[in-house]
Amino acid sequence: MNIFSNLLSQPVKVTPSPKQRRGIEIKSPREVEIMRQSAKIVATVLKEISELVKPGMTTADLDAYAEKRIREMDATPSFKGYHGFKGSICSSINNEVVHGIPSPKKVIRTGDVLKVDTGAYYQGFHGDSCITIAVGEVTPEAARLIRVAEEALYKGIEQVKAGAYLLDLAGAIEDHVKANGYSVVEEFTGHGVGRNLHEEPSVFNFRTRDMPNVKLRAGMTLAIEPILNAGSKHTRTLADRWTAVTVDNSLSAQFEHTVLVTETGYEILTDRTKV
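Within any chain, residue numbers begin from 1 and follow the written order of that chain's sequence. A pLDDT threshold of at least 70 governs which residues receive local features in this predicted model, and a stricter bar of 80 or more applies before side-chain atom pairs are shown or counted, although totals over entire chains, interfaces and linings include all residues. The side-chain numbers reported here are obtained from all heavy atoms of the structure, hydrogens and water having been left aside.

> Would you mind showing me how to read the pattern of salt bridges here?
Two side chains that carry opposite charge are able to pair once their charged atoms sit near each other. We define a salt bridge as a side-chain nitrogen of Lys or Arg found within 4 Å of a carboxyl oxygen belonging to Asp or Glu. Here the structure, examined in full by the defined rule, presents 17 salt bridges. Of the charged contacts in the structure, one is a salt bridge between Glu72 and Arg69, with a shortest N-O distance of 2.8 Å. A residue pair is termed a helical-turn pair when its members lie 3 or 4 positions apart in one helix, as Glu72 and Arg69 do in helix 2 (residues 59-72) at three residues. Burial here depends on accessible area, computed with a 1.4 Å probe over protein chains only, as a share of the maximum for the residue type. Under 20% is buried, over 50% is exposed, and the range in between is partly exposed. Taking relative accessible area as the criterion, Arg69 reaches 16% and is therefore assigned buried. A salt bridge links Arg147 to Glu151, with the nearest nitrogen and oxygen atoms 2.9 Å apart. Taken as a pair, Arg147 and Glu151 lie in helix 3 (residues 140-157) at a separation of four residues, close to a single helical turn. Overall, the relative accessible area of 42% leaves Arg147 in the partly exposed class. A residue is classified by how much of its surface remains accessible, and Glu151, at 27% relative accessible area, is partly exposed. In this description a helix means any DSSP run of H or I spanning at least four residues, a strand means any run of E spanning at least two, and both kinds are numbered starting from the N terminus.

> Help me understand the environment of Asp112 in this model?
As for its position among the elements, Asp112 is in the loop between strand 3 (96-98) and strand 4 (113-122). With a relative accessible area of 9%, Asp112 lands in the buried category. C-alpha of Asp112 to C-alpha of Leu52: the two residues are 60 residues apart in sequence and 15 Å apart in space. Two residues qualify as a contact provided that any one of their heavy atoms is within 4.5 Å of a heavy atom in the partner residue. The contact partners of Asp112, leaving out residues within four places of it in the chain, are Ile93, Asn94, Val107, Ile133, Ala134, Val135 and Val138. A polar contact of 2.8 Å, which involves the side chain of Asp112, links it to the backbone nitrogen of Arg109. Definition of a polar contact: a pair of N or O atoms within 3.5 Å, with one able to donate and the other able to accept a hydrogen when the atoms are protein atoms, and with sequence-neighbouring residues admitted only if both atoms are side-chain atoms.

> Explain the nonpolar core to me, please; I cannot follow it from the model alone.
Considering soluble globular proteins, one finds that nonpolar side chains tend to be buried as a cluster. Counting residues in each nonpolar core, the largest one holds 65 residues, and the members touching the most others are Leu62, Ile108, Leu114, Val116, Leu216, Ile224 and Leu228. Tallying contributions element by element places helix 1 (residues 29-52) first for this core, with nine residues. Only buried Ala, Val, Leu, Ile, Met, Phe, Trp, Tyr and Cys residues count toward a nonpolar core, and they belong to the same one when joined by side-chain atoms within 4.5 Å.

> I'm lost on the pairing of strand 14 (residues 257-261) in this one. Help?
Each regular strand carries side chains that alternate between the two faces of the sheet. Across the five residues that make up strand 14, a large majority, five, are buried. Every second residue of strand 14 is oriented toward a common face, with His257, Val259 and Val261 on one face and Thr258 and Leu260 on the other, all of them buried. Here, a strand pair is defined by DSSP locating no fewer than two bridges between the strands. Where strand 9 (residues 221-224) and strand 14 come together, four bridges link them in antiparallel fashion. Among the inter-strand pairings, Ala223 is bridged to a residue of strand 14, identified as Thr258. Bridge count for strand 14 against strand 15 (residues 266-268) is three bridges, and the pairing is antiparallel.

> Teacher, can you tell me more about the UniProt feature "binding site: a divalent metal cation 1" (unreviewed entry) in the protein here?
UniProt positions are given in the numbering used here, feature names are shortened, and annotations may be inferred rather than shown by experiment. Mapped onto the present numbering, the UniProt feature "binding site: a divalent metal cation 1" (unreviewed entry) falls at Asp117, Asp128 and Glu256. Annotated residues spanning 140 residues; largest pairwise C-alpha distance 8.1 Å, indicating a single compact cluster. If you trace the backbone, Asp128 turns up in strand 5 (residues 125-134). With respect to the helices and strands, Glu256 occurs in the loop between strand 13 (252-254) and strand 14.

> I would appreciate a short explanation of unusual backbone geometry in the present structure.
Keep in mind that most residues, glycine aside, have a negative phi and that most peptide bonds are trans. Following Glu200, the chain continues to Pro201 via a peptide bond in cis, the omega torsion being 5°. Locating Pro201 in the fold gives a position in strand 8 (residues 199-203). In the Ramachandran plot, His83 falls in the positive-phi region, its phi being about 55° despite a non-glycine side chain. Of note, His83 is situated in the loop between strand 1 (76-77) and strand 2 (89-93). The partly exposed category is assigned to His83, whose relative accessible area is 41%. Residue Asn249 is not a glycine yet carries a positive backbone phi of 70°. Structurally, Asn249 is set in the loop between strand 12 (244-246) and strand 13.

This is the structure in structure tokens:
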């Protein structure tokens, strides 16, 4: 999901005190092991959704499937009821950037760029991840946007290790996005994740002086999630007070992983290739 001090859809508009860095949690080996399981549940659900989605389904169909599978694996949906959100997934299509509400009226069609974001709460800890799915045959422009969005995520993850800084990964993401002619959405960012769905620190996808440049330590768990727009970086929120869309109706794509910082690098906890 996207940040967050207290509200799922709250954009970044404040400059926190450096004291906030004291709130960043370092997970113990036991806690990391639990998070591996919560993240595995999320990865499993997203992998299954990517394989079953097809034109004619509704986003409510995907939501019902995600909730059923999360509960079958002895977890609860992290998103459902979170500040009043109705779904177990966020399902955002085409120009919808984030926080799309699942609906039986929202039919998925060939050519759609579908973002599915979900989380699972297992034994006191959350996992969180998002994928963008090309539904059927999409335009070359849409396929390229999706590819670059996923590449940008891994460009950021590759910078993660103890002793690195958050702006190292933010800069790597921003440089890759801009080199490919796209814009980084700045109103939503990644975040810490663990006992709470959204924890400190905020994980930016662009260079900024608005937040402390946190030094990474082994045991931190981060939700890294670049969001790319084909056009303007700016968004607006619809009347439902959740769904953010591009202001110019351009396409948007997003990928997210829950990542553990290690002494020598990183571990992708929501790795779908391992489920």
